[in-house]
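Architecture and fold: a report
Spelled out from the first residue to the last, the chains are:
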Amino acid sequence: MLAATGQSRSRWQTLFVLSVARPPVTTSLLSARLAIQWPPLIRTLNSLEADGLIRRTENPNDKRSRHIEITPAGMAVVEQVQPILSEIRSAVFAKLSEQDMMLATRVLEMIVAGVGEAQGDSDQ
């Protein structure tokens, strides 16, 4: 992916989450959705912001927090990455039957629900 798009995994994953998330997205929410710790996330956000792919603004409800939004340039990167990612996914999942995919989906949904319950948040 890096060779094809110039975007590292952390960059395109962050952009993808921002492209589909319902605003406002905070750093805490983004960290939880990506399941990564703050230091690497902040480095990624700094890099994306420096490249004009995201914008961070002050959260009017919490001065310690920032809202993060994807810019049109960031959306263009997501659109560039999607076809390449689709090819990779197709190759990875080629040997799985529809039944395998349904079972895997069910198991992953149960894991996500369990994580949300363990964190005390049924929306996860």
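Structural notes, computed from the coordinates. (Residues numbered from 1 in each chain as written. Predicted model: local features only at pLDDT ≥ 70, side-chain atom pairs only at ≥ 80, totals over all residues. Heavy atoms only, no water.)

With that settled, the discussion passes to the packing of helix α3 (residues 27–34) against helix α4 (residues 38–50). At a minimum axis distance of 10 Å, the contact between α3 and α4 shows a crossing angle of 110°. As the angle between them shows, α3 and α4 are arranged roughly perpendicular. The two elements α3 and α4 cross, and the hand of that crossing is right-handed. Counting all contacts with α3, which are made through T27, S28, L30, S31 and L34, the residues of α4 involved are W38, L41, I42 and L45. (Axes fitted to C-alpha atoms, helices over the stretch in contact; angles between N-to-C directions. Helix = DSSP H or I, 4+ residues; strand = E, 2+ residues; numbered from the N terminus. Parallel < 35°, antiparallel > 145°, perpendicular 65-115°, else oblique. Left-handed = near helix turned anticlockwise from the far one by under 90°. Contact = heavy atoms within 4.5 Å.)

Size it by volume and the second largest pocket reaches roughly 150 Å³. Every residue along the wall of the second largest pocket is listed here: R9, W12, Q13, F16, V17, L85 and R89. Among the secondary structure elements, those contributing two or more residues to the lining of the second largest pocket are α2 (9–20) and α5 (72–93). At 5 residues, α2 tops the list of elements feeding residues into the lining of the second largest pocket. The residue makeup of the lining of the second largest pocket, split by class, is 4 nonpolar, 1 polar and 2 charged. (1 Å grid on protein atoms, 1.4 Å probe; cavity = no way out; pocket = protein on both sides within 12 Å on 5 of 7 lines; lining within 4 Å. Points joined across faces, edges and corners; volume = space filled by probe spheres on them. Nonpolar A, V, L, I, M, F, W, Y, C, P; charged D, E, K, R; others polar.)

Turning our attention to empty space enclosed by the protein. Under the definition given, this model contains 1 cavity of 30 Å³ or more. If you trace the largest cavity, you find it lined by W12, L15, F16, V77, V78, V81, Q82 and L85. Counting residues per element, the ones that place at least two in the lining of the largest cavity are α2 and α5. If one sorts the elements of the lining of the largest cavity by residue count, α5 sits on top with 5 residues. Classifying every residue of the lining of the largest cavity gives 7 nonpolar, 1 polar and no charged.

Bear in mind that shape data such as this cannot, by itself, settle questions of function.
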